[in-house]
Amino acid sequence: MSTLSFPPVLTSPRQDAIDLHKAFKGLGCDTAQVVNILAHRDVTQRALIQQEYRAMYSEELAKRLSSELGGNLKKAVLLWIHDPAGRDATIVRNALSGDIVDLKAATEVICSRTSSQIQVFKQAYYARFGVHLENDINYQAYGDHKKLLLAYVSTTRYEGPEVDRNMVDRDAKDLFKAGEKRLGTDEKTFVRIFSERSWAHLAAVSIAYHHLYGSSLKKVVKSETSGDFEFALLTIIRCAENPAKYFAKILRKAMKGLGTDDSTLIRVVVSRTEIDLQYIKAEYMKKYRKALGDEVHSETSGHYRTFLLSLVGPNH
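In this text, all values refer to a predicted model and were calculated from it rather than measured experimentally. (Residues numbered from 1 in each chain as written. Predicted model: local features only at pLDDT ≥ 70, side-chain atom pairs only at ≥ 80, totals over all residues. Heavy atoms only, no water.)

**Q** Sorry, what's going on with the overall build of the protein here?
**A** Scanning the protein from N- to C-terminus turns up 20 helices and zero strands. Relative to the 2.2 N^0.38 estimate, which gives 20 Å for 316 residues, the radius of gyration of the protein is 21 Å and therefore close to what a compact globule would have. Its C-alpha atoms give the protein principal-axis dimensions of about 70 × 45 × 40 Å. Per-residue burial for the protein yields a buried fraction of 50% across its 316 residues. (Helix = DSSP H or I, 4+ residues; strand = E, 2+ residues; numbered from the N terminus. Rg over C-alpha atoms; globule rule 2.2 N^0.38 Å. Buried < 20%, exposed > 50% of the residue type's maximum accessible area, 1.4 Å probe, protein only.)

**Q** Where do I start with the packing of aromatic side chains in this structure?
**A** To describe a pair of aromatic rings, one takes the distance between the centres and the angle between the planes. Going through the model one piece at a time under the given rule, you end up with nine aromatic pairs. On the basis of an interplanar angle of 75° and a centroid distance of 6.2 Å, the ring pair of Phe 24 and Tyr 53 is categorised as edge-to-face. Highlighted residues: Phe 24 in helix H1 (residues 13-24) and Tyr 53 in helix H3 (residues 43-57), separated in sequence by 29 residues. Neither residue differs from the other here; Phe 24 and Tyr 53 are each classed as buried. Aromatic rings pair up to connect Phe 24, Tyr 53 and Tyr 57 into one cluster. When the ring centre of Phe 231 is taken as origin, the NZ or CZ atom of Lys 104, which lies over that ring, is 4.7 Å away. Lying across the ring of Tyr 152, Arg 157 places its NZ or CZ 3.6 Å from the centre. (Phe/Tyr/Trp six-rings, centres within 6.5 Å; stacked < 30°, edge-to-face > 60°. Lys NZ or Arg CZ within 6 Å of the ring centre and 35° of its normal.)

**Q** Whenever I open this one, the environment of Glu 59 confuses me. Can you help?
**A** Topologically, Glu 59 is positioned in the loop between H3 and helix H4 (61-68). On the basis of relative accessibility, which here comes to 26%, the residue Glu 59 falls in the partly exposed class. On a C-alpha basis, the gap between Glu 59 and Gly 86 in space is 19 Å, while along the polypeptide they are 27 residues apart. A polar contact of 3.4 Å, which involves the side chain of Glu 59, links it to the side chain of Tyr 53. Separated by 3.2 Å, the side chains of Glu 59 and Arg 64 make a polar contact. (Polar contact = N/O pair within 3.5 Å; in protein donor to acceptor, adjacent residues only side chain to side chain.)

**Q** Is there a simple way to think about the packing of helix H7 (residues 103-111) against helix H10 (residues 143-154) in this case?
**A** In helix packing, the relevant descriptors are the interaxial angle and the interaxial distance, both defined with respect to the helix axes. Between H7 and H10, the least distance of the axes is 10 Å, while the angle of their chain directions is 35°. Both H7 and H10 take part in a crossing whose hand is left-handed. In contact with Leu 103, Thr 107, Ile 110 and Cys 111 of H7, H10 contributes His 145, Leu 149, Tyr 152 and Val 153. (Axes fitted to C-alpha atoms, helices over the stretch in contact; angles between N-to-C directions. Left-handed = near helix turned anticlockwise from the far one by under 90°. Contact = heavy atoms within 4.5 Å.)

**Q** I'm lost on the side chain of Thr 90 in this one. Help?
**A** Turning to its location among the elements, Thr 90 is positioned in helix H6 (residues 84-97). Among the polar contacts listed, one links the side chain of Thr 90 to the backbone oxygen of Gly 86, at a separation of 2.7 Å. Residues within four places of Thr 90 in sequence aside, it is in contact with Leu 79, His 82, Arg 128 and Phe 129.

**Q** Even after reading the chapter, I still don't get a positive patch on the surface, so can you show me in this structure?
**A** A surface patch of positive charge is lined by Lys 104, Lys 219, Lys 222, Lys 245, Lys 249, Lys 253, Lys 256 and Lys 287. With three residues, the top contributor of residues to the positive patch is helix H16 (residues 243-255). Structurally, the position occupied by Lys 245 is in helix H16. (Patch = residues over 30% accessible without salt bridge, like charges linked within 9 Å, V, L, I, M, F, W, Y side chains within 5 Å. Areas by Shrake-Rupley, 256 points an atom, 1.4 Å probe, with all protein chains shown as cover. Salt bridge = Lys/Arg side-chain N within 4 Å of Asp/Glu carboxyl O. Lys, Arg positive; Asp, Glu negative; His and termini not counted. Charge placed at Lys NZ, Arg CZ, Asp CG, Glu CD.)

**Q** How should the pattern of salt bridges be read in this particular structure?
**A** Two side chains bearing opposite charge may form a pair once their charged atoms approach each other closely. This model, assessed by the stated rule, comprises 20 salt bridges. Put simply, Arg 267 and Glu 108 hold a salt bridge, and the shortest N to O gap is 2.7 Å. Of the two residues, Arg 267 sits in helix H17 (residues 262-272) while Glu 108 sits in helix H7, which places them 159 residues apart along the sequence. We classify Arg 267 as buried; its relative accessible area is 7%. Ionic contacts of the salt-bridge type, sharing partners, join the residues Glu 59, Arg 64 and Glu 68 into one network.

What follows is the structure in structure tokens.
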């Protein structure tokens, strides 16, 4: 579900490439024009513009944008010009191999994607960086967190709505035995169930667990695990239950209090725009009684603000 508003007259990718090139020429860059073009093009159009640009000016548009733009706007635009798989690959690679390793960002992306999204972004990862995603995870993560991530990216999970009731109850009981019922935690069981089951199944396990033991599975995860492992398990269960609500919460955290966590704001807005941003906006409104657009507006400024707000779309 896209929030993008398209220009009334569809320009050709070739014309867009010419207009972008014009915006780069001369003293300083016509940033408003760059934002105006790129913020209103969908994934297919963006790919075609990049092809045309390469063909006409024998340079990569991404490279040119990188030298013309700066700061948060540059980060957002460079992520946006990718397709979703290329974008996820870029985010995770930067998180796992940048100057500052950000295991949380990598975990958020991996654990909030469907099995088929992960397969496609793993291919993009290898194609772009010449290294397997698993190698980078292996190198940067450790302990149960590493085990969970490796299992999560290598397991094909069912993506339909049907669940097997008996299996749901069995999983709920196994998780009880692995956590609340014993001293210490049997992490292996958590890794197995959370990495192998479909989202619909895990959402049903969460309900069954509450029904059988009177406690919430999320609370159990919080009391039985910690750190990045806990964050990964919570991301999986929250996305199984309601991904839009999960991302609304992540956005809220990035914007509330002093200062703004721009890298999270950019990552979530840009990577969810063409997936479920409409639902995230609705959840945000429901939970925090504020329009996401208004919050983004008050936390950002300049062309960066214009760009993000174009992706977020109108408040209604």
